[in-house]
Amino acid sequence: MADADMSVLNEVFDVIMDRKNNPVEGSYVCSLLEHRKGINKILEKVGEETAETILAVKDNDKKEIIYETSDLLFHLLVMLAATGVSLEDISEEMKKRRH
């Protein structure tokens, strides 16, 4: 099986970090990062997208699984950015688990 090109995750994370460091009015990412509920708003979205992903899997709907997993990954990236965790941090942890 060919390796998936996951560079898009780095690209999306870079955009999220740019929004964090250089807020843009009307940006969805900024609305999450700057929400009055703070990190709780981001975590609500992670929970919501997790539930939707679970339901897509339960329904065995591949198109919805892909769509909802993408939403979940996006919101996880926002959560990581908000908490100061980098994709490099995650990559290093995953490498430790591989061996």
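Our structure's up above, just so we're on the same page.
Since we're looking at a predicted model, the values are computed, not measured. Sequence order as written defines residue numbering, which begins from 1 separately in each chain. Residues qualify for local features only when their pLDDT is at least 70, as the model is predicted, and side-chain atom pairs are given and counted only at 80 or more; totals for whole chains, interfaces and linings, by contrast, use all residues. Excluded from the side-chain calculation are hydrogens and water; included are all heavy atoms of the structure.

Draft legend 1. Region of the structure containing the overall build of the protein. Within the protein, the regular secondary structure consists of 5 helices and 0 strands. The way it works is that DSSP assigns letters per residue, a run of H or I at least four long becomes a helix, a run of E at least two long becomes a strand, and they are numbered from the N terminus. Reading the helices (α) and strands (β) of the protein from amino to carboxyl end gives α-α-α-α-α. Principal-axis analysis of the C-alpha atoms gives the protein an extent of 40 × 35 × 20 Å. A simple rule labels every residue: compare its accessible area, found with a 1.4 Å probe on the protein chains alone, to the largest value its type can have, and call it buried under 20%, exposed over 50%, or partly exposed in between. In the protein, buried positions account for 20% of the 99 residues. Taking the contacts inside the protein whose residues are at least 6 apart along the sequence as the reference set, 55% of them involve residues at least 24 apart. Per-residue and other accessible areas follow the Shrake-Rupley method at a 1.4 Å probe size, with only the shown protein chains counted as cover for residues. Summed over all atoms, the accessible surface of the protein reaches about 7,100 Å², with 56% contributed by carbon and sulfur. Taken together, the 13 basic and 20 acidic charged side chains of the protein have centroids lying 4 Å from each other. Only heavy atoms matter for contacts: two residues are in contact if any of them lie within 4.5 Å across the pair. The charge count treats Lys and Arg as positive and Asp and Glu as negative. His and the chain ends do not count. Think of each charge as sitting on NZ of Lys, CZ of Arg, CG of Asp or CD of Glu.

Draft legend 2. How the structure looks around the packing of helix α3 (residues 39-58) against helix α4 (residues 62-83). The interhelical angle for the contact between α3 and α4, taken along N-to-C directions, is 160 degrees, at an axis separation of 8 Å. Taken together, the axis directions place α3 and α4 in an arrangement best described as roughly antiparallel. Once α3 is placed against α4, the crossing between them reads as left-handed. Every residue of α4 that contacts α3 at Ile39, Ile42, Leu43, Lys45, Val46, Glu49, Thr50, Glu52, Thr53, Ala56 and Val57 is listed here: Glu64, Ile65, Glu68, Thr69, Asp71, Leu72, His75, Leu76, Val78, Met79, Ala82 and Thr83. Axes, fitted as lines to C-alpha atoms, cover a helix only where it is in contact. Angles between the N-to-C directions of the axes lie from 0 to 180 degrees. Put simply, angles under 35 degrees are roughly parallel, angles over 145 are roughly antiparallel, angles from 65 to 115 are roughly perpendicular, and the rest are oblique. Rotating anticlockwise by less than a right angle from the far helix to the near helix defines a left-handed crossing, while the corresponding clockwise rotation defines a right-handed one.

Draft legend 3. Just the packing of helix α1 (residues 7-21) against α4, in detail. Two numbers describe how α1 lies on α4: the axes approach to 10 Å, and their chain directions differ by 45 degrees. Classified by the angle between their axes, α1 and α4 sit oblique to one another. The two elements α1 and α4 meet at a crossing, and its hand is right-handed. From α1, Leu9, Val12, Phe13, Ile16, Met17 and Lys20 reach across to α4, where they touch Phe74, Leu77, Val78, Leu80, Ala81 and Ala82. Residue polarity follows a fixed list, in which Ala, Val, Leu, Ile, Met, Phe, Trp, Tyr, Cys and Pro are nonpolar, Asp, Glu, Lys and Arg are charged, and the others, Gly among them, are polar. When the residues that make up the contact of α1 with α4 are grouped by side-chain class, the tally is 11 nonpolar, no polar and 1 charged.

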